[in-house]
Amino acid sequence: LVRASAITWGSLGAKVDVSLGANAALSVEGDWLPFGPARAYAALVGVPLFLQRFAFHGLYVHPRLEWAWASASASDGSAQGSLEVGSAAVLAGYEWTWPSGATLRLAGGIAYAKAMGGDSPPSSLTGLHPELDAAVGWIF
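Residues numbered from 1 in each chain as written. Predicted model: local features only at pLDDT ≥ 70, side-chain atom pairs only at ≥ 80, totals over all residues. Heavy atoms only, no water.

Looking at the overall build of the protein
Moving on, step 1. Within the protein, the regular secondary structure consists of 1 helix and 9 strands.
Moving on, step 2. When the 140 residues of the protein are sorted by exposure, 30% land in the buried category.
Moving on, step 3. Expressed as a percentage of contacts within the protein between residues at least 6 apart in sequence, the contacts between residues at least 24 apart total 50%.
Moving on, step 4. When the accessible surface of the protein is summed, it comes to about 8,200 Å², and 70% of that surface belongs to carbon and sulfur atoms. (Helix = DSSP H or I, 4+ residues; strand = E, 2+ residues; numbered from the N terminus. Buried < 20%, exposed > 50% of the residue type's maximum accessible area, 1.4 Å probe, protein only. Contact = heavy atoms within 4.5 Å. Areas by Shrake-Rupley, 256 points an atom, 1.4 Å probe, with all protein chains shown as cover.)

Below you can see the structure in the form of structure tokens.
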């Protein structure tokens, strides 16, 4: 699956969902922000639970965990600082899958994030915040 929100920020990533049975999947994602003065990496793992007995189609609830790390550098190339953040989220949404294999997933929910390390992490990163997800892909 490809998340449209990540593309607008210039990040590269891959996401793979593997069926765990009739109504659950394992979701693993990795993202990388390679452009600009900041470098960032993220890893997500979750288990989308499809409520209508069919994996990859219908209403679903998606609990997931995320770890992200970012580092900024000054214009002269010297390191300016780094930040590490962990979060847990629960999203609810709907996934449409066509007989040809094309799929569209839309979801929203809430996440709790906590700055875990780095150089003086901003307190604004700790707490609850809204989470949105939109993805397009192909089911094999």
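Quick look at the packing of aromatic side chains
Moving on, step 1. Under the criterion given, the structure shown has 4 aromatic pairs.
Moving on, step 2. Geometrically, the ring pair formed by tyrosine 41 and tryptophan 69 is stacked, given 5.7 Å between the ring centres and 25° between the ring planes. One end of the pair, tyrosine 41, is in strand β4 (residues 38-46); the other, tryptophan 69, is in strand β6 (residues 58-73), and 28 residues separate them in sequence.
Moving on, step 3. Assessed through its relative accessible area of 27%, tryptophan 69 is described here as partly exposed.
Moving on, step 4. Residues tyrosine 94 and tryptophan 96 carry aromatic rings whose centres are separated by 4.8 Å and whose planes lie at 55° to one another, so their mutual orientation is tilted.
Moving on, step 5. Three or more aromatic residues joined by ring pairs make a cluster, and in this case those are Phe50, Phe56 and Tyr60.
Moving on, step 6. One Lys or Arg, arginine 105, reaches over the ring of tyrosine 60 and ends 5.2 Å from the middle of that ring. (Phe/Tyr/Trp six-rings, centres within 6.5 Å; stacked < 30°, edge-to-face > 60°. Lys NZ or Arg CZ within 6 Å of the ring centre and 35° of its normal.)

A few points about a nonpolar patch on the surface
Moving on, step 1. A cluster of nonpolar side chains, Val16, Val18, Leu20, Leu26, Val28, Val45, Val47, Leu49 and Leu65, forms an exposed patch at the surface whose accessible area comes to about 710 Å².
Moving on, step 2. Put simply, the parts of the chain that give the nonpolar patch at least two residues each are β2 (12-19) and β3 (25-33).
Moving on, step 3. Note on placement: valine 47 falls in the loop between β4 and β5 (49-50). (Patch = residues over 30% accessible without salt bridge, like charges linked within 9 Å, V, L, I, M, F, W, Y side chains within 5 Å. Salt bridge = Lys/Arg side-chain N within 4 Å of Asp/Glu carboxyl O.)

What about the pairing of β2?
Moving on, step 1. Both β2 and β3 contribute to a ladder of 8 bridges, which runs antiparallel. By the bridge assignment for β3, aspartate 17 is matched with serine 27.
Moving on, step 2. What sits between the antiparallel neighbours β2 and β3 is a turn of 5 residues, in which glycine 21 has the positive phi angle 150°. (Pairing = 2+ DSSP bridges.)

Some details on unusual backbone geometry
The phi angle of most residues is negative, glycine excepted, and most peptide bonds adopt the trans form.
Moving on, step 1. Positive phi, close to 70°, is recorded for phenylalanine 56, a residue that is not glycine.
Moving on, step 2. With respect to the secondary-structure elements, phenylalanine 56 resides in the loop between β5 and β6.
Moving on, step 3. Taking relative accessible area as the criterion, phenylalanine 56 reaches 12% and is therefore assigned buried.

A closer look at the nonpolar core
Moving on, step 1. Judged by nonpolar contacts, Ala25, Phe50, Phe56, Tyr60, Ala89, Leu91, Ala107 and Ala111 together constitute the single largest core of 8 residues.
Moving on, step 2. Going through the elements one at a time, β7 (79-97) and β8 (102-118) are the ones with two or more residues in this core.
Moving on, step 3. Beyond its immediate sequence surroundings of up to four residues, alanine 89 is in contact with His62, Pro63, Arg64, Ile110 and Ala111. (Core = buried A, V, L, I, M, F, W, Y, C linked by side-chain atoms within 4.5 Å.)

Describing the pattern of salt bridges
Moving on, step 1. Counting across every chain of the model gives 5 salt bridges.
Moving on, step 2. One salt bridge connects arginine 64 with aspartate 133, and the closest N-O pair in it is separated by 3.7 Å. Here arginine 64, found in strand β6, pairs with aspartate 133, found in strand β9 (residues 127-138); they are 69 residues apart in sequence, far enough to count as distant.
Moving on, step 3. The class of arginine 64 is buried, set by a relative accessible area of 5%.

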